[in-house]
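Architecture and fold: a report
So the chains spell out like this:
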Amino acid sequence: MNNVNRFPSSKLKLDEFFLNWLSSPESQKLVLNLLDDAKAGRPLQAPTLPQTPTSASPLSPSSTNALFSAAPSLATPPLSPQKGAHTPPGPGSPISPARFRSQGGVQGGKEGQGLGQGVHKVHKRAADVIPRFYFGGEQLAYSDEQSAVKLAEAALLFNGGELDAEGMVQVTREVCELPGYFAPLLMHRVNGTEPIAEDPTGADASAAPGALTAPARQPAPVTWTKFTEYWNGTLRKYTEPNARVFEVLRGDKKSGDANGSGLNIPHLTHQDFRSVLRCVLDTHPGLEFLKDSPEFQDRYLETVTYRIFYQVNVAWNGRMTLREMRRSNLLEAMTHVDEEEDINKVLKYFSYEHFYVIYCKFWELDTDHDFLIDKEDLLRYGNHALTYRAVDRVFSQAPRRFVSGVDGKMGYEDFCWFVLSEEDKGNPLALEYWMRCVDLDGDGILSPSECSFFYEEQLQRMECLSQEPVLFEDILCQMSDMLHPEVPGRITLRDLRRCKLAGNFFNVLFNLNKFIAFETRDPFLIRQEREEPHLTEWDRFARQEYIRLSMEEEEGMQDGNWDGDGMDPSPF
């Protein structure tokens, strides 16, 4: 009873069951007969009930008989078993599964058999009542009828022959429901060949195993027989678009030993996107001008890959799962690339203008052009916008571990993560990047002392630039009013993600240029942002920087100063 009082909702449910049982005519008749017997002093006996239960009977005959047959023993509560006692169980006492098996599976003779049969019936009835709610991979697969329709469409396109890369584009789009530039990769999957020509000897660094710059291998024609085998063995299992794209990109990679006896690897890596991006570079009309510049084709491929993993792989481990892909807009962007001739209109991941801005920014900082930048180089970013302490934290690899492989140097991939986080602080991933930077003790909470540590240098820079300094106490009050942390004085990542202006919080701490720009923001820019709500901070920054860089390059080429007068030539 104490348990019932602790859980009042369960008591209400028990009362509801009891009232339902008591409201039936058979139950009322049974209770009245028992009351008459009790008043007359007659012994209580189990009533005679029909052997076949009806839908209106509250209890089955077996359960009613069991209830009243056990009534005499209910007068004395059962004793707990004594240690070392080996009293054989009675006909109605429970028994553990191990002892049940040791005694030959017989419990209480015929009564035990009846009890087992009753339990079996209850489970059978429950299976009939509760519908199936988990289907595993069955619900994601094409039905026999749907698969037959797809194969019929493919048969018309194959026409009894074989298809090359150009002919497979239509099959890829209409039958497999994939973007057209998946055709070469799909052909390799059907034929069981490798899509990338890698040099296992390592003589050519650009074609080394795992290198993003490795060239694509020309696929062999696909026959109707091989396509049907691949369809029935792989593609038919995936009606969901993200799962289908994920499976084609991953291929038949196995974990475990070199013989591939393990399970399929449940994630995608950077190298899995090489084939489709190579096809985009070779076939997309918006990138046709890059065909004579293989070096910039490699840089574009790397930049798109880094941007995809920055946004989609929220675990930051370089292993993209199907769950992460489903939660992203990657499939939407891939479809947009296949439909849009102007690559710059695909703002997510694939825009050439965005690649141009990122690469030129890196080129400006990398003065010796060894494709590595150090701390002094990064301090020049944005006209010395960042403080020394913020840059020190970035190079201490607090936000993210560098993959350059050189101590004290940031590579191009590391810079892509930095610039995307710096110029789009409204992005939840950028907030996490800078949260790790400011969180000195790594407890996931920003305290006033940690914020004060970064703001001290910002205050000194204000005084040097003859700006009116703002005391930290005033800043702390303003930031608290803006963020509304759940616990005053303790700012968490959840507090930052709930606020639309959270990016300004980090600008106040270590980016003086953006701090001043926010305090003296132009009403025209505010109105422009409201008119283009679909653009992110990164989209607006990349558009402005692309215009600036293009104008500077045109002026430099007209003046003929790119190769002289100490001016650094443009990478393009």
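Residues numbered from 1 in each chain as written. Predicted model: local features only at pLDDT ≥ 70, side-chain atom pairs only at ≥ 80, totals over all residues. Heavy atoms only, no water.

This part is about the pattern of salt bridges. What the rule picks out here adds up to 26 salt bridges. For Asp37, the salt bridge is made with Arg42, and the minimal N-O distance between the two is 2.8 Å. The class of Asp37 is buried, set by a relative accessible area of 19%. Note that Arg497 and Glu432 form a salt bridge whose closest N and O atoms lie 3.2 Å from each other. With Arg497 in helix H23 (residues 493-498) and Glu432 in helix H20 (residues 428-438), this pair connects stretches of sequence that are 65 residues apart. Glu432 sits in the buried class, given a relative accessible area of 16%. Several salt bridges share partner residues, and in doing so they unite Lys361, Glu545, Arg548 and Glu552 into one network. (Salt bridge = Lys/Arg side-chain N within 4 Å of Asp/Glu carboxyl O. Buried < 20%, exposed > 50% of the residue type's maximum accessible area, 1.4 Å probe, protein only. Helix = DSSP H or I, 4+ residues; strand = E, 2+ residues; numbered from the N terminus.)

Turning to the confidence of the model for the chain, a few remarks are in order. Averaged over the chain, the pLDDT score is 81; the fraction of residues at 70 or greater is 78%. Within the model, the stretch residues 52-124 combines pLDDT values under 50 with 29 contacts to residues more than four positions away or in other chains. Segment residues 562-567 is flagged for pLDDT under 50; beyond a separation of four residues in sequence, or across chains, it makes 10 contacts in the model. (pLDDT = per-residue confidence, 0-100. Contact = heavy atoms within 4.5 Å.)

Let us now look at the side chain of Thr303. Locating Thr303 in the fold gives a position in helix H13 (residues 294-312). Among the polar contacts listed, one links the side chain of Thr303 to the backbone oxygen of Arg299, at a separation of 2.7 Å. Ignoring anything within four residues of it in the chain, the contact list for Thr303 reads Phe355, Ile358 and Tyr412. (Polar contact = N/O pair within 3.5 Å; in protein donor to acceptor, adjacent residues only side chain to side chain.)

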